[in-house]
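# Fold and geometry: a report
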Amino acid sequence: MTSRTPLTREQSRAVDVLAAEKYHIPGVILMENAGRGCAELLRSKSPRNVLICCGPGNNGGDGYVIARQLDLHQVPVKVALFCSRERVQGDAAINFKILTASDIEILDVSDEPLCESFREALAGADWVVDAMLGTGVTSPPREPIASAIRAINASPAKVLAIDIPSGLDCDTGQPHDPTIEADLTATFVTPKIGYETAVAQKYLGELHVIDIGTPQKLLREVLG
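Here we summarise the structure given alongside this text. (Residues numbered from 1 in each chain as written. Predicted model: local features only at pLDDT ≥ 70, side-chain atom pairs only at ≥ 80, totals over all residues. Heavy atoms only, no water.)

### A short note on the pattern of salt bridges
For the structure on display, the rule yields 13 salt bridges. As a salt-bridge pair, Asp169 and Arg9 come within 3.0 Å of each other at their nearest N and O atoms. In this pair, Asp169 sits in the loop between strand E5 (158–162) and strand E6 (184–188) while Arg9 sits in helix H1 (residues 9–21), placing the two residues 160 residues apart along the sequence. Each member of the pair, Asp169 together with Arg9, is buried. Two residues, Asp126 and Arg48, come together in a salt bridge whose shortest N-O distance is 3.8 Å. With Asp126 in the loop between helix H5 (116–124) and strand E4 (127–131) and Arg48 in the loop between helix H2 (27–43) and strand E1 (50–54), the pair connects residues that are 78 residues apart, well separated along the chain. Taking relative accessible area as the criterion, Asp126 reaches 14% and is therefore assigned buried. (Salt bridge = Lys/Arg side-chain N within 4 Å of Asp/Glu carboxyl O. Helix = DSSP H or I, 4+ residues; strand = E, 2+ residues; numbered from the N terminus. Buried < 20%, exposed > 50% of the residue type's maximum accessible area, 1.4 Å probe, protein only.)

Following this line, the structure appears as structure tokens:
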């Protein structure tokens, strides 16, 4: 069962820290649960061809899990990587190693996001997964992600945002320039406090809360 009380940015960070340090839940397990839940949500929409756009952090790590889960169910998928491979660290790096061993196509677009391979992949996708930036964002997206956001928003593909649309502030609900305009947002554990604002609705689309296995005791501790 997932609490529906919204979390702030700091509370979301506290969930991750407590899960690892006090509740002995490895982050890679939470990432696997998050990615599998997002993949199940996307598969319910019967996607035909999916492009997953991944940034350098754990949001990107969720994207790698989603790619593997979609591939497992024979959904055609490509991954666009918006950072150097060396910047992928921690739990995300574990899933990136699995991804690279899985024969799923990875487009390295850290230097030139709107290169021909990205344009072709975007044009051929009916769904884009936004796993570029997470809830820690407090300033406008920088290149190469900024150009990718604009291209995705201009494309006819539907968009699933992972945890938060890239560029949206999770505490205030205010969009930066640019911000992903999602059709679906799959957020983890609980909604974020900024999602309650009217301005955020345009960017969130249909909101789904994904249970990633955090104990209710942990959530009660974080929420006080």
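### Section: the environment of Ile104
With respect to the helices and strands, the residue Ile104 is situated in the loop between helix H4 (90–100) and strand E3 (105–108). Judged by its relative accessible area of 7%, Ile104 falls in the buried class. Here the alpha-carbon distance between Ile104 and Arg119, two residues 15 residues apart in the chain, equals 18 Å. The residues touching Ile104, leaving out its near neighbours within four places in the chain, are Ala67, Arg68, Asp71, Val77, Val79 and Leu99. (Contact = heavy atoms within 4.5 Å.)

### Comments concerning the environment of Thr185
Mapped onto the fold, Thr185 is located in strand E6. For Thr185, a relative accessible area of 0% translates into the label buried. C-alpha of Thr185 to C-alpha of Tyr203: the two residues are 18 residues apart in sequence and 8.7 Å apart in space. One polar contact links the side chain of Thr185 to the main-chain carbonyl oxygen of Leu204, over a distance of 2.7 Å. (Polar contact = N/O pair within 3.5 Å; in protein donor to acceptor, adjacent residues only side chain to side chain.)

### Quick word on the packing of H2 against helix H3 (residues 58–72)
The description of two packed helices rests on the angle between their axes and on the distance between the axes. As a packed pair, H2 and H3 sit with axes 8 Å apart at the nearest point and diverge in direction by 55°. With respect to their mutual orientation, H2 and H3 come out oblique. Note that H2 runs across H3; the crossing there is right-handed. When H2 is examined against H3, the residues Met31, Glu32, Ala34, Gly35, Arg36, Cys38, Ala39, Leu42 and Arg43 are found in contact with a partner set consisting of Asn58, Gly61, Asp62, Val65, Ile66, Arg68, Gln69 and Leu70. In terms of residue class, the contact of H2 with H3 is made up of 8 nonpolar, 4 polar and 5 charged. (Axes fitted to C-alpha atoms, helices over the stretch in contact; angles between N-to-C directions. Parallel < 35°, antiparallel > 145°, perpendicular 65-115°, else oblique. Left-handed = near helix turned anticlockwise from the far one by under 90°. Nonpolar A, V, L, I, M, F, W, Y, C, P; charged D, E, K, R; others polar.)

### Here we look at the side chain of Ser12
Considering the arrangement of structural elements, one finds Ser12 in helix H1. Under the relative-accessibility criterion, Ser12 is labelled buried at 10%. The residues touching Ser12, leaving out its near neighbours within four places in the chain, are Leu7 and Lys192.

### Structural notes on the state of the cysteines
Applying the stated criterion across every chain, the model contains 0 disulfides. This cysteine, Cys83, is not joined by any disulfide, and Cys54 carries the nearest cysteine sulfur, 8.6 Å off. Take Cys83: its relative accessible area is 3%, and that puts it in the buried class. For Cys115, which is in no disulfide, the shortest distance to another cysteine sulfur is to Cys53 and amounts to 11 Å. A relative accessible area of 13% means that Cys115 is categorised as buried. (Disulfide = S-S within 2.5 Å.)

### Looking at H3
Compared with an ideal rise of 1.5 Å per residue, which puts 15 residues at 21 Å, H3 spans 21 Å between its outermost C-alpha atoms and is within 8% of the ideal. The complete set of buried residues in H3 reads Asn59, Gly60, Gly61, Asp62, Gly63, Tyr64, Val65, Ile66, Ala67, Arg68, Gln69 and Leu70. Phi turns positive one or two residues past the end of H3, at Gln74, with a value near 60°. (Expected span 1.5 Å × (residues − 1).)

### A look at the pairing of E5
Of all 5 residues in E5, 4 are buried; the element is thus mostly enclosed. Here 4 bridges tie E4 to E5, and the two strands are oriented parallel to one another. Within E5, the position partnered with Val128 by the bridge is Val159. In the classification by handedness, the crossover that spans E4, the intervening helix H6 (residues 145–154) and the parallel E5 is right-handed. Pairing analysis gives 3 bridges linking E5 to E6, with the strands arranged parallel. Bridge pairing in E6 places Leu160 opposite Leu184. (Pairing = 2+ DSSP bridges. Right-handed = clockwise from strand over helix to strand, strands pointing away.)

On their own, these measurements won't tell you what the molecule is for.
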